Amino acid sequence: MEHSINFEKRRFWILVIMVSISGFSQGMLLPLVSVIFEQDGVSSALNGLNATGLYIGTLLIAPFIEQPLRKFGYKPIIVIGGALVFLSLLMFPLWKSITFWFILRLLIGIGDHALHYATQTWITSTVPANRLGKSIAIYGLSFGLGFAVGPLFVPLMNVFEALPFIVSSVLCLVAWSLIFLLKNERPEAIQMTNADEKAWGRYVSTLRYAWVAFLPPFCYGFLESSLNALFPVYALRLSFDVAMLSFILAAFSAGGIISQVPLGMLGDKIGRRRILLIALAGGGTIFGIGSFLEGSEILVAVVFLCAGLFAGSLFSLGITYMTDLTPKELLPTGNLLCGIFFSLGSLSGPFLGGLYLQFVTQYSFLLLVSIMLLSVFFISLIGGRTVKRAI
């Protein structure tokens, strides 16, 4: 019994370490490539388009990843995903080309999704329900910390341009090698009709159980991409200081990091749905208030910090709520759909936000964010009542 508990702990922390290094590589890669392209005179539109490669890669692999996971188990998927990430990072210095780097980001998106999907499903399938909120919160926190630390390594390019890619690749390789210490496991077999064993049937069945749990990951993807990609454009129009702008964006991430584990543990005690509704309502209300405080950069930073305390945990809370609602044999499909909805939110954020900035000039950009959060709150409040918890 003690040996089994020790194995579970070791497995959990190895998976957490892998995800933190993955977050680090993503957090470093996004600003690093943007800075290099900007210095080389690449247009901002082409620069932004190139950054979507990560999310496109995620969506490309999503329909094909579940079946191999069920057939071969978690470990092979993590091994392949991690290898794709560190090899792609190592290849960036070989040839500086917009097309080549887009392909590499596409491959990193594929590898990252495989790694996250397998580790996330492994955790949600094996951690007891009374500890799931805390465990997924630690999982989300590790990625968030890695993502926050990543940009700090961008200045290494001043030593020589390839150095950040090499450092990130080596760290990914070290974390990836830890997976070989674990024994492979497989998800529970599906006990369903022949129709439901097909991919489309599994998607439909999982959506029937847990559609409301996929809205928070979508919302978080929208938040993350729109705030990082378009709020800087809006803020510079308001003559915000560039250094202060970086601090404002970091404040939202800091809020999510601070509240991630407490909200996860609270969800274990009083229910995930209640915490999700509080997070959505709190984040939407605070961003709405922030739209009236844009005369002060400091107050906007405080708004972002407070909003992050509520909305910064939407992805991890959505995963744990999905786990509550979904039968165990459908957890791989549920985790897959969480990733798909997050990617759809990440792609729609810059698109809808760009249209808003272009055509809605008299209202604050933060109102769009507030409307998105509050809309999902009301949908979850009303529609979520009909959802039955899986036993």
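No experiment lies behind these values; they were computed from the predicted model shown.

1. Focus: the overall build of the chain
Broken down by element type, the chain carries 17 helices and zero strands. The C-alpha extent of the chain, read off along each of the three principal axes, is 60 × 50 × 40 Å. Counting the 391 residues in the chain, one finds 55% classified as buried. Accessible area for the chain stands at about 17,200 Å²; split by element, carbon and sulfur atoms hold 70% of it. Taken together, the 24 basic and 18 acidic charged side chains of the chain have centroids lying 10 Å from each other.

2. Points about the side chain of Asp112
If you trace the backbone, Asp112 turns up in helix H5 (residues 98–126). No salt bridge is formed by the buried Asp112. Its closest oppositely charged neighbour is Arg105, at 10 Å. Ignoring anything within four residues of it in the chain, the contact list for Asp112 reads Ser22, Gln26, Leu54 and Val85.

3. Description of helix H6 (residues 129–149)
Here H6 is 21 residues long and its end C-alpha atoms lie 31 Å apart, about the 30 Å a rise of 1.5 Å per residue gives. For H6, the full list of buried residues reads Leu132, Gly133, Ser135, Ile136, Ala137, Ile138, Tyr139, Gly140, Leu141, Ser142, Phe143 and Gly146.

4. Observations regarding the packing of H5 against H6
Contact geometry of H5 with H6 gives a least axis separation of 10 Å together with a crossing angle of 160 degrees. Between H5 and H6, the interaxial angle falls into the category roughly antiparallel. Once H5 is placed against H6, the crossing between them reads as right-handed. Between H5 and H6, the residues in contact are His116, Thr119, Gln120, Ile123 and Thr124 and Leu132, Ser135, Ile136, Tyr139 and Phe143, respectively.

5. A look at the nonpolar core
Core analysis: the biggest nonpolar cluster contains 113 residues, and Phe231, Phe287, Phe304 and Leu314 have the highest contact counts within it. The leading source of residues in this core is helix H1 (residues 2–39), at 13 residues. Other than its neighbours up to four places away in sequence, Phe304 contacts Leu227, Phe231, Ile248, Leu249, Ala251, Phe252, Phe287 and Leu366.

6. A look at the confidence of the model for the chain
Detailed conclusions should not be drawn from predicted coordinates in areas where pLDDT is low. Per-residue pLDDT for the chain has a mean of 83; in total, 92% of the residues score no lower than 70. Mean pLDDT across the elements of the chain bottoms out in helix H8 (residues 194–197) (48) and peaks in helix H13 (residues 272–290) (94).

7. Things to note about the packing of aromatic side chains
The relative placement of two aromatic rings is captured by the distance of their centres and the angle of their planes. Counted under the stated rule, the structure contains 16 aromatic pairs. Their ring planes at 65 degrees and their centres at 5.2 Å tell us that Phe92 and Trp101 sit as a pair that is edge-to-face. Exposure class is identical for Phe92 and Trp101. Each is buried. A connected cluster of aromatic rings, assembled from ring pairs, spans Phe86, Trp176 and Phe180.

8. Focus on the environment of Phe100
Take Phe100: it is sitting in helix H5. Judged by relative accessible area, which is 16%, Phe100 ranks as buried. Beyond its immediate sequence surroundings of up to four residues, Phe100 is in contact with Met91 and Trp95.

9. Examining the side chain of Ser343
Among the structural elements, Ser343 can be located in helix H16 (residues 331–359). For Ser343, a relative accessible area of 1% translates into the label buried.

10. Re the state of the cysteines
Counting across every chain of the model gives zero disulfides. The cysteine Cys306 is free of any disulfide, with Cys219 supplying the nearest cysteine sulfur at 18 Å. Cys338 forms no disulfide, and the closest cysteine sulfur to it belongs to Cys219, at a distance of 13 Å.

11. Topic: the packing of helix H4 (residues 74–91) against H5
Between H4 and H5, the shortest axis-to-axis distance is 8 Å and the interhelical angle comes to 150 degrees. By the angle between their directions, the pair H4 and H5 is classed as roughly antiparallel. By crossing handedness, the relation of H4 to H5 is classed as left-handed. Looking at the contact of H4 with H5, its residues break down into 16 nonpolar, seven polar and two charged.

12. Let's talk about helix H17 (residues 365–383)
Its 19 residues give H17 an end-to-end C-alpha distance of 27 Å, which sits within 8% of 27 Å, the value for a rise of 1.5 Å per residue. The complete set of buried residues in H17 reads Phe365, Leu366, Leu368, Val369, Ser370, Met372, Leu373, Val376, Phe377, Ser380 and Gly383. Structurally, the start of H17 carries an N-cap: the backbone nitrogen of Leu366 is 3.0 Å from a side-chain oxygen of Ser364.

13. Let's talk about a nonpolar patch on the surface
A cluster of nonpolar side chains, namely Leu90, Val159, Phe160, Ile166, Val170 and Val174, defines an oily patch on the protein surface of about 520 Å² accessible area. Along the chain, Leu90 falls in helix H4.

14. As for the environment of Met18
Among the structural elements, Met18 can be located in helix H1. Taking relative accessible area as the criterion, Met18 reaches 3% and is therefore assigned buried. Separated by 326 residues in the primary sequence, Met18 and Leu344 have C-alpha atoms spaced 24 Å apart. Ignoring sequence-local partners within four residues, the contact set of Met18 consists of Ile78, Leu115, Ala175, Trp176 and Ile179.

What counts and what doesn't
Within each chain, residue numbers correspond to sequence positions counted from 1 in written order. In view of the model being predicted, local features appear only for residues whose pLDDT reaches at least 70, and side-chain atom pairs are presented and counted only at 80 or more, with totals across whole chains, interfaces and linings using the full set of residues. Side-chain numbers here rest on the full set of heavy atoms in the structure, without hydrogens or water. Starting at the N terminus, helices and strands are each numbered in turn, a helix being any DSSP run of H or I of at least four residues and a strand any DSSP run of E of at least two. Only protein chains enter the accessibility calculation, which uses a 1.4 Å probe; a residue whose area is less than 20% of its type maximum is buried, one above 50% is exposed, and one in between is partly exposed. Note that accessible areas follow from Shrake-Rupley with a 1.4 Å probe, and for residues the cover is restricted to the protein chains shown. Working convention for charge: Lys and Arg count positive, Asp and Glu count negative, and His plus the chain ends are omitted. By convention, the charge on Lys lies at NZ, on Arg at CZ, on Asp at CG and on Glu at CD. Here, a salt bridge means any side-chain nitrogen of Lys or Arg that lies within 4 Å of a carboxyl oxygen of Asp or Glu. By the convention used here, residues are in contact when the closest approach between their heavy atoms is within 4.5 Å. An expected span of 1.5 Å times one less than the residue number is assigned to each helix. Each axis is a line fitted through C-alpha atoms, taken for helices only over the stretch in contact, and angles between the N-to-C directions span 0 to 180 degrees. Roughly parallel means an angle under 35 degrees; roughly antiparallel, over 145; roughly perpendicular, 65 to 115; everything else is oblique. By definition, any crossing whose near helix is turned counterclockwise from its far helix by less than a right angle is left-handed, and any crossing with a clockwise turn is right-handed. As used here, the term nonpolar core means buried Ala, Val, Leu, Ile, Met, Phe, Trp, Tyr and Cys residues forming a set that is joined through side-chain atoms within 4.5 Å. For every residue, the predictor assigns a confidence score, pLDDT, that lies between 0 and 100. Two rings from Phe, Tyr or Trp (for Trp, the six-membered ring) form a pair when their centres sit within 6.5 Å of each other. Planes less than 30 degrees apart are called stacked, planes more than 60 degrees apart edge-to-face, and all others tilted. Here, a disulfide means two cysteine sulfur atoms that sit within 2.5 Å of each other. The residue classification treats Ala, Val, Leu, Ile, Met, Phe, Trp, Tyr, Cys and Pro as nonpolar and Asp, Glu, Lys and Arg as charged. All others, Gly included, are polar. Under this definition, polar contacts are N or O atom pairs within 3.5 Å; protein pairs additionally need one hydrogen-donor-capable and one acceptor-capable atom, and for neighbouring residues in sequence, both atoms have to be side-chain atoms. For patch detection, residues must exceed 30% relative accessible area and be free of salt bridges, and they are connected within 9 Å for like charges or within 5 Å for nonpolar side chains (Val, Leu, Ile, Met, Phe, Trp, Tyr).

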